[in-house]
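# Chains, contacts and geometry: an overview
These are the residues of each chain, in order.
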Amino acid sequence: METTQNQETFSIPRIGDKAPEFIATTTQGEINFPSDYKGKWVILFSHPADFTPVCTSEFMTFAHLEEKFNKANCKLVGLSIDGLYSHIAWLRTIKEKIKFNGMKDIEVKFPLIEDISMDIAKKYGMIQPGESKTQAVRAVFFIDPKGIVRALIYYPLSLGRNFDEIYRALIAMQTSDKFGVATPADWYPGNDVIISPAGSCGVAAERMSGTDGLECEDWFFCTKKLDKDLVLKEILKN
Ligand code: BEZ
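The protein chain appears in an unreviewed UniProt entry as Peroxiredoxin from Mariniflexile aquimaris. The UniProt entry for the protein chain carries the following text under Subunit (unreviewed entry): "Homodecamer. Pentamer of dimers that assemble into a ring structure."

This is how it looks when you write it as structure tokens:
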């Protein structure tokens, strides 16, 4: 998708697109994106700038949850519109001084991209000039093991992200891939899942006359049980 504002064109990768490629300097060395992450899910997320309070609370939360995301075969990669030395100083300050929501002494071990030129942020539509021309909005890209963008969520500068939702979305997409199902509103592992709508009158009639293991409200709305332990066993193998 391309939008033009103030003469400059900004693009936003869409669901189903290949994740735009880049090579970046990060707090963990150089990364070649997305090829370094082949075979893994990646959450690529942006922050407006270093040394800002909402970003600090989010960074600490992501770092606190990193292990949990890694267990779901997912790596975290952050981006903030600042330089490498600022990033290093910010992460050191977070570890040494900041307490938030019961967290303290938090070490950020995942890469934080330096993007002072905003080149990468622009590739991912993270600069949204109506909000800020110099700071990235809070974007979250879910990129699958084949390097395809599977979901994106954008938040404005003033709104800290909900990490339960980010984790829930990751597990739900992995469950859809693994079990060939869709997940309904507010789904969590252990809740019933949705099977694809009947594609023919015959299948519709069959479903309404009762198919083993399915609960059909109507021909187009059928759910089935999916055991929580089975989902978690398959998804959290790592
Ligand atoms: C923050 O992270 O606190 C923040 C950054 C940019 C604008 C507003 C808030």
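Next up on the list: the site of the ligand. The immediate surroundings of the ligand are formed by Pro48, Thr52, Pro53, Val54, Cys55, Gln135, Arg138 and Leu157. For the ligand, an oxygen atom lies 3.1 Å from a polar atom in the side chain of Thr52. Between the ligand and Cys55 there is a distance of 2.8 Å, counted from an oxygen atom to a backbone nitrogen or oxygen. Relative to its unbound accessible area of 260 Å², the ligand is 78% covered by the protein chains. No other element matches helix α1 (residues 53-71), which puts three residues into the shell around the ligand. Class assignment of the residues belonging to the shell around the ligand gives a composition of five nonpolar, two polar and one charged.

Bringing the environment of Gly180 into the picture now. By the element assignment, Gly180 lies in the loop between α4 (163-179) and β10 (193-194). Since its relative accessible area comes to 62%, Gly180 is described here as exposed.

Summed over all chains, the structure comprises ten salt bridges. Of the charged contacts in the structure, one is a salt bridge between Arg138 and Glu58, with a shortest N-O distance of 2.8 Å. Pair noted here: Arg138 is in strand β8 (residues 138-143) and Glu58 is in helix α1, with a separation of 80 residues, a long-range link. Connected through salt bridges with shared partners, the residues Glu58, Arg138 and Arg161 form a single ionic network.

Another point: the UniProt feature "binding site: substrate" (unreviewed entry) in the protein chain. When the UniProt feature table is mapped onto this chain numbering, "binding site: substrate" (unreviewed entry) sits at Arg138. A polar contact of 3.5 Å, which involves the side chain of Arg138, links it to the backbone oxygen of Pro156.

This part takes up unusual backbone geometry. A cis amide bond, omega 0 degrees, links Phe33 with the succeeding residue Pro34. In this fold, Pro34 is placed in the loop between β4 (29-33) and β5 (41-47). The residue Phe51 is not glycine, and still its phi comes out positive at about 55 degrees. Mapped onto the fold, Phe51 is located in the loop between β5 and α1. With relative accessibility at 46%, the residue Phe51 sits in the partly exposed group.

Another point: the pairing of strand β6 (residues 74-80). Counting buried residues in β6 gives six out of seven residues, a clear majority hidden from the surface. After leaving β5, the chain enters α1 and then returns to the sheet as β6, a path that is right-handed. Here β6 runs beside strand β7 (residues 112-114); their pairing, made up of three bridges, is parallel. Bridge pairing in β7 places Leu79 opposite Ile113.

Core analysis: the largest hydrophobic core is formed by 38 residues, its most contacted members being Ile43, Phe59, Phe62, Phe69, Phe110, Phe142 and Ile166. Within the residue set of this core, elements represented by two or more residues are β5, α1, β6, α2 (84-97), β8, α4 and α6 (228-235). Among the elements that make up this core, the one with the highest residue count is α4 (eight residues). The contacts of Phe69, once residues within four sequence positions are left out, are Ile43, Phe62, Cys74, Leu76, Ile166, Tyr167 and Leu170. In terms of nonpolar packing, the next biggest core, distinct from the first, is built from 24 residues, Phe22, Leu44, Leu79 and Ile113 among them.

Rules of the game
Residues numbered from 1 in each chain as written. Predicted model: local features only at pLDDT ≥ 70, side-chain atom pairs only at ≥ 80, totals over all residues. Heavy atoms only, no water. UniProt positions renumbered as here; feature names shortened; annotations may be inferred. Near = heavy atom within 4 Å. Polar contact = N/O pair within 3.5 Å; in protein donor to acceptor, adjacent residues only side chain to side chain. Areas by Shrake-Rupley, 256 points an atom, 1.4 Å probe, with all protein chains shown as cover. Helix = DSSP H or I, 4+ residues; strand = E, 2+ residues; numbered from the N terminus. Nonpolar A, V, L, I, M, F, W, Y, C, P; charged D, E, K, R; others polar. Buried < 20%, exposed > 50% of the residue type's maximum accessible area, 1.4 Å probe, protein only. Salt bridge = Lys/Arg side-chain N within 4 Å of Asp/Glu carboxyl O. Right-handed = clockwise from strand over helix to strand, strands pointing away. Pairing = 2+ DSSP bridges. Core = buried A, V, L, I, M, F, W, Y, C linked by side-chain atoms within 4.5 Å. Contact = heavy atoms within 4.5 Å.

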